[in-house]
Amino acid sequence: MKRMKSLYIAGCGLCAALLAAGCSEEALTPSHEYRYDTFMPDPAAQDSTSILRREFYAETGSYLLFNDTLQHRFLGYDYNDNEVYFTEVLDIGYITGATTNTRSMYEYVLLDGLEEQKQALAFLESYVLPHLSSTLKPFSWLLVKDISGEPAGAYDGTRVYPDAVSGERCVAVDCGYVLKNSDESLLEAYTQRVMNIFLSDILLDRWSEFGDFRAISQSYYGGTFEYANEADNTRILREAGFLVKGKNSKGELASGCYPSYEDDLATYITYALLLDDELIEASYGQYPVVMEKFLIYKEILKNLGYVF
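Notes on the overall build of the protein chain
Part 1 of the argument: Scanning the protein chain from N- to C-terminus turns up 9 helices and 11 strands.
Part 2 of the argument: Within the protein chain, the fraction of its 308 residues that count as buried is 42%.
Part 3 of the argument: The long-range share in the protein chain, meaning contacts at least 24 apart out of those at least 6 apart in sequence, stands at 64%.
Part 4 of the argument: Accessible surface, the protein chain as shown: approximately 17200 Å² in total, 52% of it carbon and sulfur.

A few points about the packing of helix α1 (residues 48–60) against helix α2 (residues 113–128)
Part 1 of the argument: Remark: α1 packs on α2, axes separated minimally by 11 Å, with the N-to-C direction vectors making an angle of 15°. Taken together, the axes of α1 and α2 are roughly parallel relative to one another. Two packed elements cross with a definite hand, and for α1 against α2 that hand is right-handed. Between α1, through Ser48, Thr49, Leu52, Phe56 and Glu59, and α2, the contact on the second element is made entirely by Leu114, Gln117, Lys118, Leu121, Leu124 and Glu125.
Part 2 of the argument: For the contact of α1 with α2, the class distribution of residues is 5 nonpolar, 3 polar and 3 charged.

Digging into the pattern of salt bridges
Part 1 of the argument: Throughout the structure, instances matching the rule amount to 11 salt bridges.
Part 2 of the argument: Between Arg159 and Glu107 there is a salt bridge whose closest N-O contact spans 3.1 Å. Of this pair, Arg159 sits in the loop between β7 (146–150) and β8 (164–166) while Glu107 sits in strand β5 (residues 105–109), and the two are 52 residues apart along the sequence.
Part 3 of the argument: Owing to a relative accessible area of 36%, Arg159 belongs among the partly exposed residues under this scheme.
Part 4 of the argument: The closest approach of N and O atoms between Glu116 and Lys145, which form a salt bridge, is 3.2 Å.

What to know about the pairing of strand β9 (residues 171–174)
Part 1 of the argument: Of the two faces of β9, the one lined by Val171 and Val173 and the one lined by Ala172 and Asp174 are each fully buried.
Part 2 of the argument: Here strand β6 (residues 140–144) pairs with β9 via 4 bridges, running parallel. The partner of Leu143 across the bridge, within β9, is Val173.
Part 3 of the argument: In terms of strand pairing, β8 meets β9 through 3 bridges, oriented antiparallel. Across the sheet, residue Ala164 finds its bridge partner in β9, namely Val173.

Let's talk about the sheet that holds β8
Part 1 of the argument: Strand order in the open sheet formed by 4 strands is β2-β6-β9-β8, with mixed pairing between adjacent strands. Because the sheet does not close on itself, it has two edges, and the strands there are β2 (63–65) and β8. Going from strand to strand, the sheet's axes swing by 15° on average, the running direction of each strand aside.
Part 2 of the argument: Contacts between α1 and the sheet are confined to β2 and β6, with β2 contributing the most and set at about 150° to the helix.
Part 3 of the argument: Across the sheet, α2 touches β2, β6 and β9, and the angle it forms with β6 is around 130°.

Focus: the packing of aromatic side chains
Part 1 of the argument: Enumeration over the complete set of coordinates arrives at 27 aromatic pairs.
Part 2 of the argument: Pairing Tyr221 with Tyr261 gives two aromatic rings, centres 5.8 Å apart and planes at 70°, and the pair type is edge-to-face. Of the two residues, Tyr221 sits in the loop between α5 (211–217) and α6 (230–239) while Tyr261 sits in helix α7 (residues 261–274), which places them 40 residues apart along the sequence. Tyr261 shares its class with Tyr221; the two are buried.
Part 3 of the argument: Aromatic rings pair up to connect Trp207, Tyr220, Tyr221, Phe225, Tyr227, Phe242, Tyr258 and Tyr261 into one cluster.
Part 4 of the argument: Positioned over the ring face of Tyr177 is Arg193, at 5.5 Å from the centre of the ring.
Part 5 of the argument: Directly above the ring of Phe308 sits Lys298, whose terminal nitrogen or CZ lies 4.7 Å from the centroid.

A look at the nonpolar core
Part 1 of the argument: With 55 residues, the main nonpolar core has Trp141, Leu143, Leu199, Leu203, Phe210, Phe213 and Tyr297 as its most contacted residues.
Part 2 of the argument: For this core, the element with the highest residue contribution is helix α4 (residues 184–204), accounting for 8 residues.
Part 3 of the argument: Apart from residues lying up to four places away in sequence, Tyr297 is in contact with Leu203, Phe210, Phe213, Leu265, Tyr268, Ile269 and Ala272.
Part 4 of the argument: Among the nonpolar cores identified, the runner-up in size contains 15 residues, and Tyr63, Tyr108, Val144 and Ala172 belong to it.

Some remarks on the side chain of Glu83
Part 1 of the argument: Its place among the elements puts Glu83 in strand β4 (residues 83–89).
Part 2 of the argument: What makes Glu83 buried here is its relative accessible area of 18%.
Part 3 of the argument: Side-chain polar atoms of Glu83 contact the side chain of Tyr85, separated by 3.0 Å.

Side note on the confidence of the model for the protein chain
Part 1 of the argument: With 83% of its residues at a pLDDT of at least 70, the protein chain reaches an overall mean of 86.
Part 2 of the argument: Note that residues 1–24 has pLDDT below 50 and, in this model, 45 contacts with residues that lie over four places away or in other chains.

Analysis parameters
Residues numbered from 1 in each chain as written. Predicted model: local features only at pLDDT ≥ 70, side-chain atom pairs only at ≥ 80, totals over all residues. Heavy atoms only, no water. Helix = DSSP H or I, 4+ residues; strand = E, 2+ residues; numbered from the N terminus. Buried < 20%, exposed > 50% of the residue type's maximum accessible area, 1.4 Å probe, protein only. Contact = heavy atoms within 4.5 Å. Areas by Shrake-Rupley, 256 points an atom, 1.4 Å probe, with all protein chains shown as cover. Axes fitted to C-alpha atoms, helices over the stretch in contact; angles between N-to-C directions. Parallel < 35°, antiparallel > 145°, perpendicular 65-115°, else oblique. Left-handed = near helix turned anticlockwise from the far one by under 90°. Nonpolar A, V, L, I, M, F, W, Y, C, P; charged D, E, K, R; others polar. Salt bridge = Lys/Arg side-chain N within 4 Å of Asp/Glu carboxyl O. Pairing = 2+ DSSP bridges. Phe/Tyr/Trp six-rings, centres within 6.5 Å; stacked < 30°, edge-to-face > 60°. Lys NZ or Arg CZ within 6 Å of the ring centre and 35° of its normal. Core = buried A, V, L, I, M, F, W, Y, C linked by side-chain atoms within 4.5 Å. Polar contact = N/O pair within 3.5 Å; in protein donor to acceptor, adjacent residues only side chain to side chain. pLDDT = per-residue confidence, 0-100.

Put into structure tokens, the structure is as follows:
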């Protein structure tokens, strides 16, 4: 029995053709015909899942995935007569032009069959997509039952289990929670958790759009201050327009520290999604700078295509 050998290639690289010995000047050719549209089902596939994915793309303009294996094709045999395959796996941490391999690495538990796929898709269509105009919709969605892995830069074996992970080409959503819960309020809350992760990655890249937001607290970012007690620490932060403490030299949240721009923006994302205008006013109305930043932030979100 022949021993099967799989050749795993992450991302969209091409298999280079082996060069024949000698001094031939013939042009290089790929060892196989590459199909660029790997985010769509095979054109000949007529199973229910493939039809579902095609319909979703036609309606939304985003690709729909239920598996992180984009293609797995037989190439032929090697010199030992073992079968060789070309496998393209979705790299959620793919970054255009990246020169390092410090990206996040995640594993997925796939949904079981068509019914779970439909249930996960119903959540996406009913709860998540209504908040996104066409300008904010991602290139593709990956719906799975569970996500686990190592975030970028984690060298200590840290393993996380996020509700979603986001990259340039795809947003993966852990739909295991959705399969176990049907209560509308719980699903609404879960939607905010997913959107928080999705928007955080997108908005941190929108440096120019957040110029007015950033300018308000620009002089404080990453700095330190003196405070009398925790109540005084909170007052100083709020008067400068911050909702959370900053981090000390050890990377820990600490009193007497202003947050970075990244942490400031991420915090406003969370609060803006979770709190309506009345709750924001009741909680922070006595701090004009915080209210000004909320107003600017929500206006930017609307301009970018987020639907509250």
